[in-house]
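# Report on the structure
For reference, the chains in residue letters:
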Amino acid sequence: MKQESDAANVPACYISNHEGFLGSIKKFIKDFVVTEIDINGQQVNTAAADTQAHRIPHSVFPAKNSDTSKQDNNFQATQDSDFSADCRLDVTIPSPGSFDLSMILGQSVSDQLEQFVVSLRDEEANEVPSKELSLGSFTDKYQRANVHRAVRHRFPFLMTVTIQPEIRVREDPDFRELSQLVTEEEAEDFFRFIDAKVRDSSYTFYPDENKEHRTAVHHFLNRRFGKLVETKSFSDQERTAISVRLRERGKPKKRTAEDRKEEEIYTAFTLCKENLETLEAISYMAATLGVLPSDFTYAGIKDKRAITYQSMVVKKVPPQRLIEKRAEFEKRGMRLSHVHSVSEPLRLGRLQGNHFDLVVRNLRPHGAADTHPSGTDTHNRLVSLVKEAVENVKARGFVNYYGPQRFGTGQSVQSDQVGLALLKEDMVNAVRSFFSPEEGDEPHSQAKRHFLQTDNAKESLALMPLSKARERLMLRALNRYGTGPDGCAKAWLSLPHSMRVFYPHAYCSRVWNEAVAHRLATLGHIARQGDLVWSREGQDKLDDSGESNSAQIHVVTHEEEQAGDYTLAQILLPMPGNTVKYPENAMGSWYRERLARDGLENCRFRVSILKLNIPGCYRPLLANLANLSYELQRSANGDGGGETTGNSSRKNEGHLSVTAVEGKQDPDSDLLTLTLNFDLDSSCYATICLREIMKCDP
């Protein structure tokens, strides 16, 4: 085991003792190719995946508690979806942040709408706000439907009216009346619930012990929405609240048979994207197709700086319409294939893992003073180093750290520190940490610096590039609600739930990384008394994310340690949360002390104001790679071409062999390039696997 300095949040504690080597990854986009592996074990860019993966009814597979993984370069699928307990909805309604109105309406009209809303809601405005605002004309019915849904969901207090082909917005008098009976937050959530019209769903208002007041709310709801919903009061733990449920036969107003048919259309496809974030690709496709970003579902978020293949399903878009837009998508670095109809959306985390095709360039031994190593002996040594490293990791696996993408890169304050501020419910500091600028003078960094220096959200919004959707959503909310604690809380609520929960998860991931390094350094490489492992019944309980919050946990006994009943590969470590058990040895004390050091000794891991709940999970200490193969090449120009200098042995029954490099050419002009191909479970990081192989940050 070797320890040395390392990138922030990812300790340099390894499981193998080989020397490793130096090299560079992602020199070119084509050097990092990620292909999703579906639940049937098929790579999604193959014909087999097309005919199997999406055609199996989703109801066959139990729903998993999971969130967006690897977003903002790494929203990772984990166990956070306790959304309904916090927001009083029994279904997940898309967050207002799911809709980027600047993409749907255009920046100019979106800004006009923002100003209309500000003037409409500002009680101290000197001028009487306009009664209506025209959003323009929309001849395409898909686009009109998109505008109606996006505006009403983003601003529930507005009503949209079509005077074909024009769409106008005005204040909704029903919203104003309800907001005088309940809180504005409840009114907004209720109107989103009504507008979503999810079958068999319900909404529960906050507890209300005033019977006369409850009666007034009942009367309003029955008078205005009685044909659509039914209401009742119920008591729970001596507290009474009003619950609203959609009637079984309730239908949206003016919803035709054709509309209902369109709602039931789902089209699956494989997306190949290059140098794009998954959410950036979805935003562009949604705007082009005239649907909402929330109409797209996917199994996981993929890297930006890579070529990636992943499954997606889009709602309300027939296959032919998607095919017709292929050429437009290709102009933005997206290629669509395997387009076909399916019966249901895709669930987050519904994948086995990912296949990686990686290229590591400019190989050289550790300590080499020259980036261009010369001599046959050096080349032969590199071949030996590579073979030893790959064989070791193949046999022993690697420490299952969360990768640096989990914490953000380039920012002066990383995502885990934002998460720590949120767990402390310090909304102002969390916002300011969120806007910490990256290095350099890119426009988005300049906009962030301007906000931190001036506290002027409006001016900062004007400077922020349109592509920075998260930052723009936050700045709009800060401009509307102010930059105080309440305004900052509302700014966080403007982001989708999966984005909000990413930051506390980043903090918990950092603690997990530190925990596993401490565990290996202090307790060694064998299972110890008090360690956590799967119980015999629970060992198959890992969910699709490679983690679990299952209660099927066993504590290793003294007798089991002495008998060697468990191996290091079976040990689990908890990611902090409010439902996990901690190890019953020195690691348990370490967790308590570590959290106390950050002021979280009494943390409930629930941020009610942001509707966040962090239950925690159990993550295996080690990870393994499968279907491993590799190839070494001479590359005179470092461009990936050149002469093969070793035997490829690609998937040759798992056997790895490599021959010594012949020194017949001028070695001073040559570089060695390593190509690696392997599979990892979802939740595991290829860059972390490479760290274990190379013994450095690649």
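Residues numbered from 1 in each chain as written. Predicted model: local features only at pLDDT ≥ 70, side-chain atom pairs only at ≥ 80, totals over all residues. Heavy atoms only, no water.

## Description of the confidence of the model for the protein chain
- Residues of the protein chain with pLDDT of at least 70 account for 77%, and the chain-wide mean is 80.
- Mean pLDDT per element in the protein chain: helix H2 (residues 83–87) is the minimum at 30, and helix H22 (residues 586–597) is the maximum at 97.
- Low pLDDT (under 50) marks residues 49–98, which in the prediction has 176 contacts with non-local residues, meaning those over four places away or in another chain.
- The model gives residues 640–669 a pLDDT under 50, and that stretch makes 76 contacts with residues more than four places away or in other chains. (pLDDT = per-residue confidence, 0-100. Helix = DSSP H or I, 4+ residues; strand = E, 2+ residues; numbered from the N terminus. Contact = heavy atoms within 4.5 Å.)

## Brief notes about unusual backbone geometry
- With a phi angle near 70°, Lys316 is a residue other than glycine that sits in the positive phi range.
- You can call Lys316 buried: its relative accessible area is 11%.
- One non-glycine residue with positive phi stands out, namely Phe605, at about 50°.
- Residue position: Phe605 is located in the loop between H22 and strand E20 (606–607).
- Under the relative-accessibility criterion, Phe605 is labelled buried at 4%. (Buried < 20%, exposed > 50% of the residue type's maximum accessible area, 1.4 Å probe, protein only.)

## Here we look at the sheet that holds strand E17 (residues 532–534)
- If you walk across this open sheet you meet the four strands as E18-E17-E19-E22, and the pairing is antiparallel. Every interior strand has two partners, whereas the edge strands, strand E18 (553–555) and strand E22 (617–620), have only one. On average, each strand axis in the sheet is inclined to that of its neighbour by 50°, with strand direction left out of account.
- Bridge analysis of E17 against E18 gives three bridges, and the strand direction is antiparallel. If you follow Val533 over to E18, its bridge partner there is His554.
- Together, strand E19 (571–575) and E22 form the strand contacts of helix H20 (residues 497–523), whose direction differs from that of E19 by roughly 145°. (Pairing = 2+ DSSP bridges. Axes fitted to C-alpha atoms, helices over the stretch in contact; angles between N-to-C directions.)

## Thoughts on the pairing of strand E10 (residues 239–246)
- With respect to burial, E10 is a largely interior element, six of its eight residues being buried.
- As defined by bridge partners, strand E8 (residues 202–204) adjoins E10 across three bridges and the pair is classed as antiparallel. Bridge pairing links Ser202 to Arg245 in E10.

## A closer look at the pattern of salt bridges
- Under the criterion given, the structure shown has 31 salt bridges.
- The shortest N-O distance in the salt bridge between Arg361 and Asp31 comes to 2.7 Å. With Arg361 in strand E15 (residues 353–364) and Asp31 in the loop between strand E3 (22–25) and strand E4 (32–37), this pair connects stretches of sequence that are 330 residues apart.
- We classify Asp31 as buried; its relative accessible area is 1%.
- Put simply, Glu132 and Arg170 hold a salt bridge, and the shortest N to O gap is 2.2 Å. With Glu132 in the loop between helix H4 (107–121) and strand E5 (133–137) and Arg170 in strand E7 (residues 166–171), this residue pair connects regions lying 38 residues apart in the sequence.
- By relative accessible area, Glu132 is classed as partly exposed at 28%.
- According to the relative accessible area criterion, Arg170 is partly exposed, its value standing at 28%. (Salt bridge = Lys/Arg side-chain N within 4 Å of Asp/Glu carboxyl O.)

## What to know about helix H10 (residues 278–289)
- The terminal C-alpha atoms of H10, which comprises twelve residues, lie 16 Å apart, in line with the 16 Å expected from a rise of 1.5 Å per residue.
- With respect to burial, H10 is a largely interior element, ten of its twelve residues being buried.
- Listed as buried for H10 are Thr278, Leu279, Ala281, Ile282, Ser283, Tyr284, Met285, Ala286, Thr288 and Leu289.
- Where H10 ends, the next residue or the one after it, Gly290, has phi of about 75°, a positive value. (Expected span 1.5 Å × (residues − 1).)

## Quick notes on the environment of Arg691
- Here Arg691 is to be found in helix H23 (residues 686–694).
- By relative accessible area, which is 2% here, Arg691 ends up buried.
- Between the alpha carbons of Arg691 and Gly403 there is a distance of 10.0 Å; along the sequence they are 288 residues apart.

## A few points about the environment of Leu478
- Of note, Leu478 is situated in helix H18 (residues 469–481).
- Taking C-alpha positions, Leu478 is 9.6 Å from Val431, a pair spaced 47 residues apart along the chain.
- Residues within four places of Leu478 in sequence aside, it is in contact with Val431, Phe435, Phe451, Ala457, Thr483, Gly487, Cys488 and Ala491.

## Some remarks on the nonpolar core
- If you look at the biggest cluster of nonpolar residues, it comprises 134 residues, and the most contacted ones within it are Phe269, Met285, Phe296, Trp492 and Phe678.
- Among residues more than four places away in sequence, those in contact with Met285 are Phe269, Leu271, Phe296, Met312, Phe329, Met334 and Leu336. (Core = buried A, V, L, I, M, F, W, Y, C linked by side-chain atoms within 4.5 Å.)

## Overview of the pairing of E15
- Judged by how many residues are buried, E15 sits mostly within the fold: eleven of twelve residues are covered.
- Relative to E15, E3 runs antiparallel, the two being bridged by three bridges. Counted as the bridge partner of Ser24 is Arg361 from E15.
- In this structure, E4 lies alongside E15, joined through six bridges in antiparallel fashion. When the sheet's bridge partners are listed, Val33 is paired in E15 with Asp357.
- Note that E15 and strand E25 (residues 672–681) share eight bridges and pair antiparallel. Bridge pairing links His355 to Asp679 in E25.

## Focus: helix H16 (residues 443–454)
- The terminal C-alpha atoms of H16 lie 16 Å apart, and with twelve residues this matches the ideal 16 Å at 1.5 Å per residue to within 8%.
- Turning to H16, its buried residues are His444, Ser445, Ala447, Lys448 and Phe451. Down the axis of H16, the buried side of the element spans an arc of 160°, and every buried residue falls inside it. (Arc of directions from axis to C-beta.)

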